[in-house]
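Architecture and fold: a report
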Amino acid sequence: MSGGALHLETPLLEALPLAARTGRRVLLKLESLQPSGSFKLRGLGRLCSHLVANEGARRLVASSGGNAGLAVAWAARRLGVAAHIVVPGSTPQVARERLRIFGASVEVHGAIWNEADALARGLATEPGSAYVPPFDHPLIWAGHATLVDELVVQLAALGLARPDAVVLSVGGGLMCGVLEGMHRHGWREVPLVAVETTGAASLQAAVTAGRPVALARIETLATTLGALQVAEEAFRWTLRHPVRLVQLEDRAALAACRRFADDHQLLVEPACGVALAALEEPSAAVALGDARVVVAVACGGSGVSLELLERWQRAQAPVQAG
Ligand SMILES: *Cc1c(COP(=O)(O)O)cnc(C)c1O
């Protein structure tokens, strides 16, 4: 397969309902429209292409039942090679089924991700196979950075040189890639609003401690944000770019998922909803400051359905009176 990227160029949507409610101009980068359901195809597509074209991989082995696994499965399909995804027993049937529909072979191993990942790494030592890490690789960040290359062109078409702020959820990998792209295009002064759920605030913990530290536990519906410890590279970016940290409750993320569905007829995971929530939550207003034009990354995610959204909302503890 020749050099073309595996991801789509995604629309930059003028979000009028959000503008009406916030008084800011809000432009949404619609990564939920990627064929794998999230931005992850940008970085993992880049890495998978490299492994196939330059390292002769005929089979890509990964260990995520979530959006990273889907991105690897999609990339393998487009590259004409096999994908073998090892998932732990905790991976829901719908996620396994979707990987199979994407053409991957799915193997269930272990109770938790680390066990599945250990097997994946072992299998990848077989001739012709390559292990694909889910995050934390320079080629992954370079692939994610293409999001900003597109933004530059799309903003120019609107007569804008740069936004006043960029909003995204963390993770870590997406932030590293977007900041790489922002610096490539000279957006060194544009604040990045990095949003986490309170139950997975590993970047905030790192900034407080002055180095990446492990959280005791992850407690959030935004499971795709749930790294116990933020990547070293993401922490380092906070030292050389104006990064403004925001933490919001799952409740706010869910409400934002719902509003996004109502506004634009699109479903996204709470991991994405939390970034959208930052546009409207009063507690995040300080981070946005007086920004008039805001770009928010609607990072997407396949681990959501109408039924799940409703079940999650019902399960939220009622607000205490008084
Ligand atoms: C993976 C993922 C994230 C977090 O990405 P990082 O690369 O870890 O920053 C956020 N939202 C969705 C939907 C994801 O799939």
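Everything discussed here concerns the structure shown above.
Read on for a plain summary of the structure. (Residues numbered from 1 in each chain as written. Predicted model: local features only at pLDDT ≥ 70, side-chain atom pairs only at ≥ 80, totals over all residues. Heavy atoms only, no water.)

On to the sheet that holds strand β7 (residues 165-169). Within the open sheet, the six strands sit side by side as β1-β2-β10-β7-β8-β9. Their pairing is mixed. The sheet terminates laterally at β1 (12-14) and β9 (243-248), the two strands that pair on one side only. Shown here is a sheet whose adjacent strand axes are inclined to one another by a mean of 25°, direction ignored. As judged from the six bridges shared by strand β8 (residues 192-197) and β9, these two strands associate in the parallel manner. Bridge pairing links V195 to V246 in β9. In this fold helix α12 (residues 270-277) packs onto β2 (25-30), β7, β8, β9 and β10 (293-298), with an angle of close to 150° to the strand it touches most, β7. (Pairing = 2+ DSSP bridges. Helix = DSSP H or I, 4+ residues; strand = E, 2+ residues; numbered from the N terminus. Axes fitted to C-alpha atoms, helices over the stretch in contact; angles between N-to-C directions. Contact = heavy atoms within 4.5 Å.)

Here the focus is the packing of helix α2 (residues 40-55) against helix α3 (residues 67-79). At a minimum axis distance of 9 Å, the contact between α2 and α3 shows a crossing angle of 45°. The angle between the axes of α2 and α3 places the two elements in the oblique class. The chirality of how α2 crosses α3 is right-handed. Mapping the contact onto sequence places K40, L41, L44, G45, C48, S49 and V52 in α2 and N67, A68, A71, V72, W74, A75 and L79 in α3. The residue inventory of the contact of α2 with α3, partitioned by class, reads ten nonpolar, three polar and one charged. (Parallel < 35°, antiparallel > 145°, perpendicular 65-115°, else oblique. Left-handed = near helix turned anticlockwise from the far one by under 90°. Nonpolar A, V, L, I, M, F, W, Y, C, P; charged D, E, K, R; others polar.)

In total, this model carries one aromatic pair according to the counting rule given. Ring centres of W74 and F102 lie 5.6 Å apart, and the angle between their planes is 65°; this geometry places the pair in the edge-to-face category. Taken together, the residues span a long stretch of sequence, with W74 in helix α3 and F102 in the loop between α4 (93-101) and β5 (105-108) at a distance of 28 residues. Accessibility expressed as a relative area gives 13% for F102, which makes it buried. (Phe/Tyr/Trp six-rings, centres within 6.5 Å; stacked < 30°, edge-to-face > 60°. Buried < 20%, exposed > 50% of the residue type's maximum accessible area, 1.4 Å probe, protein only.)

Locating C272 in the fold gives a position in helix α12. Residue classification places C272 among the buried residues on the basis of a relative accessible area of 0%. C272 sits 16 residues away from A256 along the chain, and the two C-alpha atoms are 8.9 Å apart.

Across the sheet, four strands lie side by side as β5-β4-β3-β6; this open sheet has parallel pairing. Each edge of the open sheet is held by one strand with a lone partner, namely β5 and β6 (129-131). Averaged over all pairs of adjacent strands, the angle between strand axes in this sheet comes to 20°, irrespective of strand direction. As defined by bridge partners, strand β3 (residues 59-62) adjoins strand β4 (residues 82-87) across four bridges and the pair is classed as parallel. Within the sheet, the bridge partner assigned to R59 lies in β4 and is A82.

Looking now at the site of the ligand. Surveying the vicinity of the ligand reveals 13 residues, the closest of which are K40, N67, G171, G172 and L174. A distance of 2.5 Å is found between an oxygen atom of the ligand and a side-chain nitrogen or oxygen belonging to K40. Note that an oxygen atom of the ligand is positioned 2.7 Å from one of the side-chain N or O atoms of N67. Here the residues of the shell around the ligand sort into five nonpolar, seven polar and one charged. (Near = heavy atom within 4 Å. Polar contact = N/O pair within 3.5 Å; in protein donor to acceptor, adjacent residues only side chain to side chain.)

Moving on, we come to unusual backbone geometry. Comment: phi is negative for the bulk of residues other than glycine, and the bulk of peptide bonds are trans. With an omega dihedral of 15°, the bond running from V170 to G171 counts as a cis peptide bond. Its place among the elements puts G171 in the loop between β7 and α8 (173-184). Of note in the backbone geometry, D136 takes a positive phi value of approximately 65° without being a glycine. Here Q265, not a glycine, exhibits a phi torsion of approximately 60°, which is positive.

With that settled, consider the pattern of salt bridges. Taken as a whole and assessed by the stated rule, the structure comprises 16 salt bridges. In this structure, the salt-bridge partner of E280 is R21, at a minimum N-O distance of 2.8 Å. Within this pair, whereas E280 is found in the loop between α12 and α13 (285-288), its partner R21 is found in helix α1 (residues 16-22), the two being separated by 259 residues in sequence. Overall, the relative accessible area of 25% leaves E280 in the partly exposed class. (Salt bridge = Lys/Arg side-chain N within 4 Å of Asp/Glu carboxyl O.)

Quick look at the nonpolar core now. Formed by 72 residues in total, the largest nonpolar core has its most connected members in L28, V167, M175, V178, M182, L192 and L279. If we ignore the near neighbours within four places in the chain, the residues touching L279 are L18, T22, V26, L28, V167, L288, V294 and A296. L47, A57, V81 and V87 belong to the second largest nonpolar core, which has 29 residues in total. (Core = buried A, V, L, I, M, F, W, Y, C linked by side-chain atoms within 4.5 Å.)

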